2 protein chains.
Amino acid sequence: MKSHMKNLFADIPQDLSGELFETLLQTSSFRIERIVSNGHCSPKGFWYDQDDNEWVILLRGRAVLRFENDDESITLKSGDYIHIDKHLRHRVEWTDPEEETIWLAIHYQAGNKK
Amino acid sequence: MKSHMKNLFADIPQDLSGELFETLLQTSSFRIERIVSNGHCSPKGFWYDQDDNEWVILLRGRAVLRFENDDESITLKSGDYIHIDKHLRHRVEWTDPEEETIWLAIHYQAGNKK
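Keep in mind the model is a prediction, meaning the values are calculated, not measured.

Conventions we followed
Residues numbered from 1 in each chain as written. Chains lettered and ligands numbered in written order. Predicted model: local features only at pLDDT ≥ 70, side-chain atom pairs only at ≥ 80, totals over all residues. Heavy atoms only, no water. Helix = DSSP H or I, 4+ residues; strand = E, 2+ residues; numbered from the N terminus. Buried < 20%, exposed > 50% of the residue type's maximum accessible area, 1.4 Å probe, protein only. Contact = heavy atoms within 4.5 Å. Pairing = 2+ DSSP bridges. Salt bridge = Lys/Arg side-chain N within 4 Å of Asp/Glu carboxyl O.

What follows covers the overall build of chain A. Summing up its helical and strand segments, chain A has zero helices and nine strands in all. Dimensions of chain A, computed from C-alpha atoms along their principal axes, come out at roughly 45 × 35 × 20 Å. Burial statistics for chain A: of 114 residues in total, 48% are counted as buried. The contacts in chain A between residues at least 6 apart in sequence include a share of 68% that link residues at least 24 apart.

The strand order across the open sheet formed by six strands is E2(A)-E3(A)-E9(A)-E4(A)-E7(A)-E1(B), and the pairing between neighbours is antiparallel. Unpaired on one side and paired on the other, strand E2 (20-26) of chain A together with strand E1 (6-7) of chain B mark the two borders of the sheet.

All names here are of chain B. By the definition in use, this model includes 15 salt bridges over all chains. A salt bridge links Glu22 to Arg34, with the shortest nitrogen-to-oxygen separation between them at 2.9 Å. Of the two residues, Glu22 is situated in strand E2 (residues 20-26) and Arg34 in strand E3 (residues 30-37); the sequence distance between them amounts to twelve residues. Exposure remark for Arg34: the relative accessible area of 3% places this residue in the buried category. The salt bridge partner of Glu68 is Arg89, with a shortest N-O separation of 2.6 Å. On the criterion of sequence distance, the pair formed by Glu68 in the loop between strand E5 (63-67) and strand E6 (73-76) and Arg89 in the loop between strand E7 (80-84) and strand E8 (90-95) is long-range, its members being 21 residues apart. Overall, the relative accessible area of 40% leaves Glu68 in the partly exposed class.

Turning our attention to the pairing of E3(B). Residue and element names in this part refer to chain B. Burial runs high along E3: seven of the eight residues are buried. Of the strand pairs in this sheet, E2 and E3 are connected by six bridges, and their pairing is antiparallel. In the strand pairing of E3, Gln26 is matched with Arg31. Hairpin connection of E2 to E3: three residues between the antiparallel strands. Strand direction decides the pairing type here: E3 and strand E9 (residues 101-108), joined by eight bridges, are antiparallel. For Ser37, the partnering residue across the bridge sits in E9 and is Thr101.

By themselves these figures say nothing about function.
As structure tokens, this is what we get:
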């Protein structure tokens, strides 16, 4: 089993000129993704408007999220998690330029029972 | 949205005489669970034999896992993740007694495409 173990904070490419999106597990009903940001943010005026629900946790670094239907931005630090309903328009206002920001996201279609 | 944000490393009860299992999100196809161990391990001779597949990541502390079909144990530190197929018999040999060990587990039935 040792060979099957990987680390979420390892194997980060030197060149992070673009954000890194990597699928860790794909099943018929959801997808687990690692996202590595390095000072990246959403382009001016851009809003994510996703077809899937997303449960996302920030595990390293810091980020500021903004939701279109909300006046306030929220700052996420390590361990903070949030549920983003599909088609809830949001953007990443800021990620820490001093270190990588590492996210773990679960994208899914199925109904949220809780 | 601020009120919907929670932290994986917060709200840990003082009394951890038993391991803590907490469902963070339940959908029709998977369940996200937080597990907090505090020096706990599986009882002697006990093997987990689960009906669901499990993708699990250790995010704080340390643990030693053992699989029945494997001679070697594996030590997990922060960020290490592993996939445990359903009915793959395994046990937790050890978790760090000096600090809480915090896991994030995703349990699911659906076929694993990757």
